[in-house]
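# Chain and residue survey
Spelled out, the chains give:
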Amino acid sequence: MKEVKEKLEEIKKLYNQLTLANDLDELKEEAKVEAYQKNQELSEDVLRLIDEVIEAEPTNSEVLFWKIKLYNGPHFEDVSIMLSTAEEIIERFKEEKKSLMSAYDWLAWIYDTKLDLKEKAIELFHDKLIEISLIKEDYSLQATEFGETYYLIAQLYKEKGDLETAGSFYKLAIEQYPDHYYATYQGGMLFFEREDYDAALPMLQGFHRYHGNEYSSAIAKVILEHYESGRLKNRWDYLHLMYSIGLDYPKEMDCKDAKEFGQKYSALIDRELEENPNNLYALRMKARHYLDVDKNSKKAFEILQRYFGLVGKIEDSLYFMYYELGQKVGIDIEELNLPIDIDAFYGYNLMTRFLEKAGSLRDEEEDSKALVYYQIAKKIGKATYPKLQLFLKEGKGDKINNNAHGFAMLCNNLGIAIRNVEMLTEGDYKNEDCELALRLHQEGYDYSPFWENLDSGMRIAEAMEEYDVVIRYGEELLTYYDAYSNSWMVIKNRLLENLIHADRYEEAEVFFQELRKGFEKSGVENEDVVREMIEAAANILTYVRYQKKEFQKTIDMTEDFFANPIYFDLNDHVAYVNYWFSLGWSYHGLNNSVKAQEFFDLLKERYDGGEDYQATVDRIPEEYTMEKKDREAFQRLHSYLKKEVSNEVDFSLTTKNGTNERHIEQLVQMVCGQEVESTSIWFTDSLYVKMVNRHETDSETGERFDWLVDVYLPEEHVTIRYDLIESEEVEKSLFGMIRKKVRKKEMYVFFYHYEEGSDEAKGYVDFEEEEKHYKNLAQSYWNWLMNKGIA
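Keep in mind that this is a model prediction, so the values were computed, not measured. (Residues numbered from 1 in each chain as written. Predicted model: local features only at pLDDT ≥ 70, side-chain atom pairs only at ≥ 80, totals over all residues. Heavy atoms only, no water.)

### Quick word on the overall build of the protein chain
For the protein chain, the helix and strand inventory stands at 35 helices and six strands. Computed over C-alpha atoms, the radius of gyration of the protein chain comes to 39 Å, more than 25% over the 28 Å expected from 2.2 N^0.38 for 791 residues, which places it beyond the range of a compact globule. Expressed as lengths along the three principal axes of its C-alpha atoms, the size of the protein chain is roughly 135 × 75 × 50 Å. When burial is assessed residue by residue, the protein chain has 48% of its 791 residues classed as buried. Looking at the protein chain as shown, the accessible area adds up to about 40900 Å², and 46% of this sits on carbon and sulfur atoms. Counting 97 positive and 155 negative side-chain charges, the protein chain places the averaged centre of each group 3 Å from the other. (Helix = DSSP H or I, 4+ residues; strand = E, 2+ residues; numbered from the N terminus. Rg over C-alpha atoms; globule rule 2.2 N^0.38 Å. Buried < 20%, exposed > 50% of the residue type's maximum accessible area, 1.4 Å probe, protein only. Areas by Shrake-Rupley, 256 points an atom, 1.4 Å probe, with all protein chains shown as cover. Lys, Arg positive; Asp, Glu negative; His and termini not counted. Charge placed at Lys NZ, Arg CZ, Asp CG, Glu CD.)

### Looking at the packing of aromatic side chains
Going through the model one piece at a time under the given rule, you end up with 60 aromatic pairs. Their ring planes at 85° and their centres at 5.3 Å tell us that Phe 407 and Tyr 447 sit as a pair that is edge-to-face. Of this pair, Phe 407 sits in helix α21 (residues 404-424) while Tyr 447 is found in helix α22 (residues 432-447), placing the two residues 40 residues apart along the sequence. By relative accessible area, Tyr 447 is classed as partly exposed at 31%. The positively charged end of Lys 595 is found above the aromatic ring belonging to Tyr 587, 5.6 Å away from the centroid. Geometry around Tyr 748 places Lys 656 over its ring, the cationic atom sitting 5.8 Å from the centre. (Phe/Tyr/Trp six-rings, centres within 6.5 Å; stacked < 30°, edge-to-face > 60°. Lys NZ or Arg CZ within 6 Å of the ring centre and 35° of its normal.)

### Thoughts on the environment of Ile 303
As for its position among the elements, Ile 303 is in helix α17 (residues 297-311). Residues Ile 303 and Arg 662, 359 residues apart in the sequence, show an inter-C-alpha distance of 82 Å.

### Quick look at a negative patch on the surface
Taken together, the side chains of Asp 363, Glu 364, Glu 365 and Glu 366 make up a negatively charged region of the molecular surface. As for its placement among the helices and strands, Asp 363 is situated in helix α19 (residues 344-363). (Patch = residues over 30% accessible without salt bridge, like charges linked within 9 Å, V, L, I, M, F, W, Y side chains within 5 Å. Salt bridge = Lys/Arg side-chain N within 4 Å of Asp/Glu carboxyl O.)

### Things to note about the side chain of Ser 99
Residue position: Ser 99 is located in helix α6 (residues 97-114). Beyond its immediate stretch of four places on either side in the chain, Ser 99 contacts Ser 61, Phe 65 and Ile 89. (Contact = heavy atoms within 4.5 Å.)

### A short note on unusual backbone geometry
For the bond from Gly 73 to Pro 74, the omega torsion is 10°, close enough to zero to count as cis. Positive phi values are uncommon outside glycine, yet Glu 137 reaches one of about 75°. The topology assignment puts Glu 137 in the loop between α7 (118-133) and α8 (139-160). Take Glu 137: its relative accessible area is 66%, and that puts it in the exposed class. Located in the positive-phi region is Tyr 429, a residue other than glycine, with phi close to 65°. Tyr 429 gets classed as buried once you look at its relative accessible area, which sits at 13%.

### Remarks on the pattern of salt bridges
Summed over all chains, the structure comprises 50 salt bridges. In this structure, Arg 48 engages Glu 52 in a salt bridge whose closest nitrogen and oxygen atoms are separated by 3.4 Å. Here the residue Arg 48 and the residue Glu 52 both occupy positions in helix α3 (residues 29-56), the gap between them amounting to four residues, near one helical turn. Its relative accessible area of 42% is what places Arg 48 among the partly exposed residues. A relative accessible area of 27% means that Glu 52 is categorised as partly exposed.

### Observations concerning the packing of α8 against helix α10 (residues 181-193)
Two numbers describe how α8 lies on α10: the axes approach to 10 Å, and their chain directions differ by 35°. Handedness of the crossing formed by α8 with α10: left-handed. Within the contact between the two elements, α8 uses Tyr 151, Gln 155 and Lys 158 and α10 uses Tyr 182, Ala 183 and Gln 186. Across the contact of α8 with α10, the residue classes break down as three nonpolar, two polar and one charged. (Axes fitted to C-alpha atoms, helices over the stretch in contact; angles between N-to-C directions. Left-handed = near helix turned anticlockwise from the far one by under 90°. Nonpolar A, V, L, I, M, F, W, Y, C, P; charged D, E, K, R; others polar.)

### Comments concerning the nonpolar core
The biggest cluster of nonpolar side chains holds 207 residues, and the ones touching the most others in it are Tyr 319, Phe 354 and Tyr 567. Among the elements that take part in this core, helix α20 (residues 367-394) stands out by supplying eleven residues, more than any other. If we ignore the near neighbours within four places in the chain, the residues touching Phe 354 are Tyr 319, Phe 320, Tyr 323, Tyr 373, Ile 376, Ala 377 and Ile 380. Ranked by size, the runner-up nonpolar core spans 37 residues in total, among them Leu 667, Val 668, Val 718 and Leu 785. (Core = buried A, V, L, I, M, F, W, Y, C linked by side-chain atoms within 4.5 Å.)

### What to know about the environment of Ser 102
Looking at where Ser 102 falls in the secondary structure, it is placed in helix α6. For Ser 102, a relative accessible area of 31% gives the class partly exposed. Between the alpha carbons of Ser 102 and Glu 145 there is a distance of 9.7 Å; along the sequence they are 43 residues apart.

### Regarding α22
It helps to recall that an α-helix has 3.6 residues per turn; residues three or four apart then point in one direction. The end-to-end C-alpha separation of α22 is 22 Å, in line with the 22 Å expected for 16 residues at 1.5 Å each. Turning to α22, its buried residues are Asp 433, Cys 434, Leu 436, Ala 437, Leu 438, Leu 440, His 441, Glu 443, Gly 444 and Tyr 445. Against the buried residues of α22 lie α20, α21, α23 (451-464) and α24 (467-478). (Expected span 1.5 Å × (residues − 1).)

### Some words on helix α18 (residues 318-329)
Here α18 is twelve residues long and its end C-alpha atoms lie 17 Å apart, about the 16 Å a rise of 1.5 Å per residue gives. All of the buried residues along α18 are Leu 318, Tyr 319, Phe 320, Tyr 322, Tyr 323, Glu 324, Leu 325 and Gly 326. Looking at the packing, one finds that the buried side of α18 touches α16 (280-293), α17, α19 and α20. Gly 330 sits one or two residues past α18 and shows a positive phi near 80°.

### With respect to the packing of α10 against helix α11 (residues 197-211)
At a minimum axis separation of 8 Å, α10 and α11 run at an interaxial angle of 145°. α11 is crossed by α10, and the crossing has left-handed handedness. For the pair formed by α10 and α11, the contact residues are Tyr 181, Ala 183, Thr 184, Tyr 185, Gly 187, Gly 188, Met 189, Phe 191 and Phe 192 on the first element and Tyr 197, Ala 199, Ala 200, Met 203, Leu 204, Gly 206, Phe 207 and His 211 on the second. For the contact of α10 with α11, the per-class residue count stands at twelve nonpolar, five polar and no charged.

### A few points about the confidence of the model for the protein chain
With 98% of its residues at a pLDDT of 70 or more, the protein chain has an overall mean of 93. For the protein chain, the element scoring lowest by mean pLDDT is helix α2 (residues 21-25), at 80; helix α9 (residues 163-176) scores highest, at 98. (pLDDT = per-residue confidence, 0-100.)

### As for the pairing of strand β3 (residues 704-713)
Counted residue by residue, β3 has eight buried out of ten residues, so it is predominantly covered. Summarising the sheet, strand β2 (residues 687-696) and β3 pair through seven bridges and their orientation is antiparallel. Each bridged residue has a counterpart across the sheet, and for Lys 690 the counterpart in β3 is Asp 710. (Pairing = 2+ DSSP bridges.)

### Quick word on the pairing of strand β1 (residues 678-684)
Bridge analysis of β1 against β2 gives six bridges, and the strand direction is antiparallel. From the neighbouring strand, Thr 684 faces β2, where its bridge partner is Leu 687. Between the antiparallel neighbours β1 and β2 lie two residues.

### Overview of the environment of Glu 324
Here Glu 324 shows up in helix α18. The sequence separation of Glu 324 and Phe 354 amounts to 30 residues, and the corresponding C-alpha distance is 9.8 Å. The contacts of Glu 324, once residues within four sequence positions are left out, are Lys 357 and Tyr 373.

### Side note on the side chain of Asp 706
Positionally, Asp 706 belongs in strand β3. Given a relative accessible area of 2%, Asp 706 falls into the buried group. Looking at Asp 706, its side chain comes within polar contact range of the side chain of Arg 704, at 2.9 Å. Those residues within four positions of Asp 706 in sequence are excluded, and the remaining contacts are Asn 693, Arg 694, His 695, Thr 697, Asp 723, Leu 724 and Ile 725. (Polar contact = N/O pair within 3.5 Å; in protein donor to acceptor, adjacent residues only side chain to side chain.)

Put into structure tokens, the structure is as follows:
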């Protein structure tokens, strides 16, 4: 199977190198001779490969289509082989509906183009229509093939000069395939030229709506011609179409810009709105006039207020402009809660416009505004999705909803909108909307392999911690890239991170080692790819060190990985940063501060102060960035707090016999020594301890010194301060005749409370005045500190 696939790829590659007839005609004689010779060699190679594939896999229909193409020239030209091969496909591959449809198209084309037998071609298309009617459950394919075949029959009748019959088949084509590129234009122009304006209008509107491009100007020109000759009097539907095209392509309408074109029809629009203020076409034209010609947002908004007041619902992408103008004038249009009655084309278009605006707002860090646009996009997407799904699954509803690729894109965008709404509202992703998003990306991909659904599916699955789903999406996404390309490596890294987040230790390690082995064997020397491989190593090393606490194993893995010089040769900065960082933290975990300091110093010396790796330098533990005396104080504090409590004694905070005062002074002096003013540590994620050495404090009552021990408990939103206050007081004798100065030391306990989200306390509360819960906390932590051995 793999060999056949490779040969088919080779056939395609060689065939695309052929110089075809039109290109041959433009060559000079000498170049032609070379081209003929090359065509012969290429064609013979292609034919050899075709025969090999047919022999290896006789049931492969794809190779037979290459055979038809090959015998259509430029070297081999044999109509009989083309006919027989197409007939063979029709005979042998009845159940391969797409192949069957294509074979009928080829057969009819050969009879029409090669043999000039249009009647036979029409006959074959009628046979094809019978086969189309037999298609079961694939409603999308059936409607598309009906529309395409009716269009091809219409073209043949048009070439025969039978315009009446051609028109009938154009109508049938549009019924089945409303956005058919050629049928909308050619059918619409046929009816318009015959002045069957009612039949022409939906086709011409469809071409501009679904495919609006510079060819639309030809439509506008013939509308203008018929209008000026009086044949389109009071046809505001046509005037609106012509006006819309003219504003989009003013130069094609012989105007220098949209303003010049729009001004021509300003008076006409105003007269109509005076006589018929509810003319919806005229209102839309007037709104565009204010937007594109007069540049008056306020008046454009007022016109759209009138328009939507009459329409009373959201039915196309004009709503986006209405909403945006409302934002400009300070009115929230969403409060109107207009019902959504929109087809798949406009639904996708409108949802995507809101989604793109949300994305741009996020880029500008306007998250609160972005959230509103994501929510509207989500609402529109959820209203549109069922219509597409209903047609694709059951064949019901408007055939404009027949768009498998559009469905895939809508699924992707709706999934993105849902994920971002959850992200910006701090959702937990465990809800029905996220479950829907997860299904959407798979469902969209199943209908049309659209790689973005795989990437977006991975993202929502990662957020939902659906680890197996991440793997499923990721493995499929890998097939879109060459092995060991940068994009392929990024996906591999995401899959590794997924296993790490799932805490699947053994799988993660095997995955990493296989990735490393394959990469080193590949010989890839792209520095971006090397960076990704190093990032993968950093991920697994962090996992082993930080989550598994296997510090020695991390050291061994780090040394083993970076023993390969390729990483330093091809991306030395990334290699050194990760090498030193991993070893520094690992030795720190082993309490080997000397070795840890060695690697952290290397990291600081080379990268501190630079832009690229400052964030990594800033993640070095604080103690390794301190001066020696500060580091030693920090280590004394850390060592003290790590001591196990062997004998629990109660050191009551209400005791006033001087015991607590001696203990706090001894503790602070032991940790800070004589030279260090203060030291602190996050001992755990929920406990921060700070000690401040004896220092003078401002006091209105005389000289004062404080020793502080602060215990900050973020989950309680409180700091408990044990404060030893040394003050000077004057004592008097019994009769007040003799006075002397006496130094007193007394410990107090204060509580500083913080509001959630704030890092600043509003004053303090004395121990005696505090609630029982906090008093108990203070006593508990004081006992914990004292029982570690200072007392």
